[in-house]
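Close look at the chain arrangement
Listed below are the residues making up each chain.
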Amino acid sequence: MQPTVTSITGTAQDQEHMARAIAAAQSARLHASPNPWVGAVLVTGEHTYEGATAPPGGPHAEVTTLRRAAEAGDTVVGSTLYTTLEPCAHTGRTPPCVDAIIGSGVGRVVVGLVDPDPLVAGRGVEALRANGVEVSVGAQAEAVERQLAPYLKHRRTGRPWVVLKLAATMDGRTAAPDGSSRWITGETARRDVHELRSASDAVLVGAGTVRADDPELTVRLEGAAGSTCAAPRQPLRVVLGRAPEGARVQPALELSGDLADALDHLGRLGVVQLLVEGGAKVAHDLHAAGLVDRYVLYLAPKLFGGDDGRPLFDGRGAATIADVWRGRIVSVEHLGEDLRVELAPAGEEP
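So, a few notes on the structure that sits alongside this text. Just so we're clear, the structure is a prediction, and the values are computed from it rather than from any experiment. (Residues numbered from 1 in each chain as written. Predicted model: local features only at pLDDT ≥ 70, side-chain atom pairs only at ≥ 80, totals over all residues. Heavy atoms only, no water.)

**Section: helix α7 (residues 187-198)**
Under the 1.5 Å per step criterion, the end-to-end length of α7 is 17 Å for 12 residues, consistent within 8% with the ideal 16 Å. A189, D192, V193, H194, L196, R197 and S198 are the residues of α7 that are buried. Packed against the buried residues of α7 are β6 (161-169), β11 (273-278), β12 (294-300), β14 (327-335) and β15 (338-345). (Helix = DSSP H or I, 4+ residues; strand = E, 2+ residues; numbered from the N terminus. Expected span 1.5 Å × (residues − 1). Buried < 20%, exposed > 50% of the residue type's maximum accessible area, 1.4 Å probe, protein only. Contact = heavy atoms within 4.5 Å.)

Put into structure tokens, the structure is as follows:
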């Protein structure tokens with residue numbers, strides 16, 4: 001049985017320091033996966049220290065923060081540690097964070113969210129309290145939930161967070177009748193796609209897209225924004241179906257069969273976020289099955305001006321207006337001359 005953890009919102013000061021921890025966590029977004037991208041802030045008598053999760057195998061946010069205080073010669077006995085996610089209480093690639101916290105003499109720990117990973121799930125909070133550390137849970141919980149949404153879904157369901165990327169003209173066309181489509185969007189939008197790839201553990205396309213476009217599906221950036229790594233990581237390349245020998249996407253993982261089964265398989269491989277880049281049939285089937293967590297549409301100020309261009313989705317749509325899918329607009333952003341629109345399913349919490 002998992003421990004029961006009572007949540008509170010915390011004081012105004014707790015909210016402020018947790019907001020700093022959330023900002024620190026963002027620096028780990030592009031290199032921490034499949035671990036969670038966590039941020040921590042340590043408040044001693046007169047000083048504060050920040051840290052974030054290192055790449056897999058490196059120290060977690062809490063340990064990094066404690067080390068920075070120790071390197072500065074500051075005492076942490078009786079101090080308060082803020083961490084966006086519950087500290088781990090098990091040995092993985094690194095020792096348990098709770099051991100480092102308890103050994104340091106920290107007097108209070110403020111946690112944003114309890115970690116749903118079955119290896120943690122309240123055990124970190126329970127271990128801290130059992131060793132005399134005061135623990136508060138729930139400060140900035142909604143903001144942490146949004147920041148860690150891909151990780152939390154993976155740990156709760158075993159499946160990756162699915163991001164469907166689409167690019168089209170303002171009249172919803174992705175290619176001309178002859179199949180030509182390069183380039184619909186501008187350079188700024190294309191760079192954003194590379195950053196989206198860099199934030200993903202795997203990128204998926206259908207075999208038809210491989211045959212038609214021969215995409216490489218790599219991250220081609222000198223250094224992705226927000227990353228502390230010298231070069232962006234490359235996602236696993238996944239093809240639904242068989243990719244031709246010599247295709248630029250090779251080597252790739254080739255999957256077939258039920259889409260839900262494919263997502264389960266990728267989840268078992270440790271894929272926390274999956275970026276789906278095409279084609280229209282794959283987009284349709286994922287959408288129709290309700291398997292998409294985020295839609296990212298890049299809209300160019302162009303018009304094909306007819307009904308014979310290639311559509312975003314290839315397959316049967318809603319039969320009546322009552323059946324039309326309605327989502328929630330998360331954000332709208334100008335990228336050069338293009339628009340980036342992010343949508344979420346309507347039932348999802350903001």
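Continuing now.
**Some thoughts on the side chain of R197**
Relative to the assigned elements, R197 resides in helix α7. When its relative accessible area of 8% is taken as the criterion, R197 is described as buried. Not counting residues within four places of it along the chain, the set of residues in contact with R197 comprises L217, T218, V219, R220, P235, L275 and E277.

**Things to note about the pattern of salt bridges**
In the structure shown here, the tally under the stated rule is 19 salt bridges. When the shortest N-O distance is used, the salt bridge between D192 and R340 registers 2.8 Å. Of this pair, D192 sits in helix α7 while R340 is found in strand β15, placing the two residues 148 residues apart along the sequence. In terms of burial, D192 and R340 fall into one category: buried. For D285, the salt bridge is made with K281, and the minimal N-O distance between the two is 2.7 Å. In this pair, D285 and K281 are both assigned in helix α10 (residues 280-288), four residues apart and thus about one turn of the helix distant. On the basis of relative accessible area, D285 is assigned to the partly exposed category, the value being 25%. The exposure class of K281 is partly exposed, given its relative accessible area of 46%. (Salt bridge = Lys/Arg side-chain N within 4 Å of Asp/Glu carboxyl O.)

**Side note on the sheet that holds strand β5 (residues 134-137)**
If you trace the five strands from one edge of the open sheet to the other, you get β2-β1-β3-β4-β5, paired in mixed fashion. Strands at the two margins of the open sheet, each flanked by one partner only, are β2 (48-52) and β5. Geometrically, the sheet is characterised by an average inter-axis angle of 15° between neighbouring strands, direction not taken into account. Of the strand pairs in this sheet, strand β1 (residues 39-43) and β2 are connected by five bridges, and their pairing is antiparallel. Pairing of A40 across the sheet is with G51, part of β2. Sitting on the sheet, helix α4 (residues 123-130) is in contact with β4 (108-113) and β5, with an inclination near 150° to β5. (Pairing = 2+ DSSP bridges. Axes fitted to C-alpha atoms, helices over the stretch in contact; angles between N-to-C directions.)

**Some words on the packing of helix α2 (residues 61-71) against helix α3 (residues 97-104)**
Interhelical geometry of α2 versus α3 gives an angle of 30° and a closest axis separation of 9 Å. The orientation of α2 relative to α3 falls into the category roughly parallel. For the element pair α2 and α3, the recorded crossing hand is left-handed. Residues E62, V63 and L66 of α2 touch α3, and the partners they reach there are C97, A100, I101 and S104. Its residues placed into classes, the contact of α2 with α3 shows five nonpolar, one polar and one charged. (Parallel < 35°, antiparallel > 145°, perpendicular 65-115°, else oblique. Left-handed = near helix turned anticlockwise from the far one by under 90°. Nonpolar A, V, L, I, M, F, W, Y, C, P; charged D, E, K, R; others polar.)

**Some points on the nonpolar core**
One finds L42, V106 and V109 to be the most contacted residues of the largest nonpolar core, which totals 39 residues. Of all hydrophobic cores here, the second largest spans 27 residues; its members include L204, A262, Y295 and L343. (Core = buried A, V, L, I, M, F, W, Y, C linked by side-chain atoms within 4.5 Å.)

**Digging into the sheet that holds strand β10 (residues 253-255)**
Here eight strands make up an open sheet; going across it, the order is β10-β9-β8-β11-β6-β12-β15-β14 and the pairing mixed. A single partner strand is all that each edge strand has here, and the edge strands are β10 and β14. Each neighbouring strand pair of the sheet contributes to a mean axis angle of 25°, computed without reference to strand direction. Here eight bridges tie β14 to β15, and the two strands are oriented antiparallel to one another. Within the sheet, the bridge partner assigned to G327 lies in β15 and is P345. Its contacts with the sheet place α10 against β6, β8 (202-206), β9 (236-240), β11 and β12, and it is angled at close to 135° to β11.

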